[in-house]
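Secondary and tertiary structure notes
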Amino acid sequence: MTAYKTIRKYLWPALVFLAVFQLQPVSASQGEQASAREYILWYRNYDNPAVRALVELALHKTPEFDDFRIVRSAVISQGRALRELANPRRKLLDIANMATSAERESYVKAIPVPLDGGLLGFRVCLTLPEHLALFDGVETLEDFRQRNIRIGQGSHWPDTEILKANGIGVVTHARYEILFGMLRNQRFECFARSVSEVLFDIEHNNAEDLVIEPDLLLAYPMPSYLFVARGDHETAQRLRLGLERAIADGSFAVYLDTWFGKAVSELGLDQRTILTLANPYLSEESRHIGRKALENLIRLRNTLEQSQ
């Protein structure tokens, strides 16, 4: 069995089961059909075809709600996007997909389904070719620390505090796009990008001059959810119901396979040394989701090794 077929057989069913476990049945509203609803999606999610495709899938699965149109938000940082969702008078944003934390879940509404199956917390290093030798021989998290490898992150990303809590040096900027130039200017040695993001990042940011470090995988529980304003009950209900239906009819599994199966296979997860980090910033529910995702990855890795 090829690695790609093994991923499809073992990983996606486990992740879909996890998503089903987290969702409780939601009943659709029985009101009359209204006019088309415009949903403003955070610009980074809108520009990412995988995220936009899942939001569209969830909305298409709920035809009893309004017709809809998804529009791109203004270019705002992740921190600004969260503040906008928390603002009762918000005008710039309706939906955003981001990593979760207990703090975020306290002031914006999370739809607790990991959109990429939990892969956001599985990170590879995007780096300069001349820095590859720095990673040679790293077998443990302590080895990583002793090499003084600095990681570039967004100022408002939950990863930043997770990495610091695990004793790793972090260099930050508010704008994701700026971090690519900072890496080229050697402000840090590793731009840690998730398994579900890195191939898109290289293409979307014309970063073919950068390389993916081939031997390491940083792993920490960090589910990625859709977020809406706490008072926007209709949007929360619609997204939750749409995801529930997509899971039930198999289209969520098709989505995972379509958008992330190739990346999981091409990045050679079964050949990488896993450096496991603690994440002390999750709610109890999200800690369970993240822990299960990590267990699924380790199970997949073992299965791939045995199939070779």
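Residues numbered from 1 in each chain as written. Predicted model: local features only at pLDDT ≥ 70, side-chain atom pairs only at ≥ 80, totals over all residues. Heavy atoms only, no water.

A few words on the nonpolar core. Ranked by size, the top nonpolar core spans 50 residues in total, and within it Ile95, Phe122, Phe191, Leu226, Leu239, Leu243 and Phe252 carry the most contacts. For this core, the element with the most residues is helix α3 (residues 49-60), which contributes 6 residues. Counting residues in each nonpolar core, the second largest holds 21 residues, with Val138, Leu141, Leu163 and Ile168 among its members. (Core = buried A, V, L, I, M, F, W, Y, C linked by side-chain atoms within 4.5 Å. Buried < 20%, exposed > 50% of the residue type's maximum accessible area, 1.4 Å probe, protein only. Helix = DSSP H or I, 4+ residues; strand = E, 2+ residues; numbered from the N terminus.)

As a rule of thumb, non-glycine residues mostly have phi less than zero, and peptide bonds are mostly trans rather than cis. Within the chain, glutamine 186 stands out as a residue other than glycine whose phi angle is a positive 65°. Relative accessible area serves as the criterion here: at 43%, glutamine 186 is assigned to the partly exposed category. Even without a glycine there, the phi angle at asparagine 206 is positive, about 50°. Judged by relative accessible area, which is 58%, asparagine 206 ranks as exposed.

Along its 17 residues, helix α10 (residues 233-249) runs 24 Å from first to last C-alpha, staying within 8% of the 24 Å computed at 1.5 Å per residue. What α10 keeps buried is the set Thr235, Ala236, Arg238, Leu239, Arg240, Leu241, Gly242, Leu243, Ala246 and Ile247. Directly after α10, the chain includes glycine 250, whose backbone phi takes a positive value near 90°. (Expected span 1.5 Å × (residues − 1).)

Our next topic: the packing of α3 against helix α11 (residues 251-266). To describe two helices that pack against each other, one gives the angle between their axes and the distance between the axes. The contact between α3 and α11 brings their axes to 11 Å, and the two run at 170°. On the basis of the axis angle, α3 is roughly antiparallel to α11. On α11, the residues that touch Pro49, Ala50, Val51, Ala53, Leu54 and Leu57 of α3 are Ser251, Phe252, Tyr255, Trp259 and Phe260. (Axes fitted to C-alpha atoms, helices over the stretch in contact; angles between N-to-C directions. Parallel < 35°, antiparallel > 145°, perpendicular 65-115°, else oblique. Contact = heavy atoms within 4.5 Å.)

Moving on: helix α8 (residues 176-184). Of the residues making up α8, those classed as buried are Tyr176, Leu179, Phe180, Met182 and Leu183. Looking straight down α8, one finds that the buried residues subtend no more than 165° of arc, so they occupy a single side. Tucked into the core, α8 has its buried residues touching α2 (43-47), β5 (122-127), β6 (151-154), β7 (170-173), β8 (190-194) and α9 (198-204). (Arc of directions from axis to C-beta.)

As a further point, take the packing of aromatic side chains. Scanning all chains against the criterion turns up 9 aromatic pairs. Ring geometry for phenylalanine 188 and phenylalanine 191: centres 6.3 Å apart, planes at 65°, overall edge-to-face. With relative accessibility at 0%, the residue phenylalanine 188 sits in the buried group. Its relative accessible area of 0% is what places phenylalanine 191 among the buried residues. A connected cluster of aromatic rings, assembled from ring pairs, spans Trp157, Tyr176, Phe180, Phe188 and Phe191. (Phe/Tyr/Trp six-rings, centres within 6.5 Å; stacked < 30°, edge-to-face > 60°.)

So, on to the sheet that holds strand β4 (residues 109-111). Pairing is antiparallel in the open sheet, where 3 strands are placed in the order β3-β11-β4. Edge strands, defined here as strands with exactly one partner in the open sheet, are β3 (96-99) and β4. For this sheet the average axis-to-axis angle between neighbouring strands, irrespective of direction, equals 45°. (Pairing = 2+ DSSP bridges.)

Turning to the pattern of salt bridges, a few remarks are in order. The final tally for this structure, using the stated rule, is 19 salt bridges. We note a salt bridge from arginine 175 to glutamate 177, for which the minimum N-O separation is 3.1 Å. For arginine 175, a relative accessible area of 32% puts it in the partly exposed group. On the basis of relative accessibility, which here comes to 26%, the residue glutamate 177 falls in the partly exposed class. Through salt bridges with shared partners, a single network forms among Arg123, Asp159, Arg193, Glu197 and Asp201. (Salt bridge = Lys/Arg side-chain N within 4 Å of Asp/Glu carboxyl O.)

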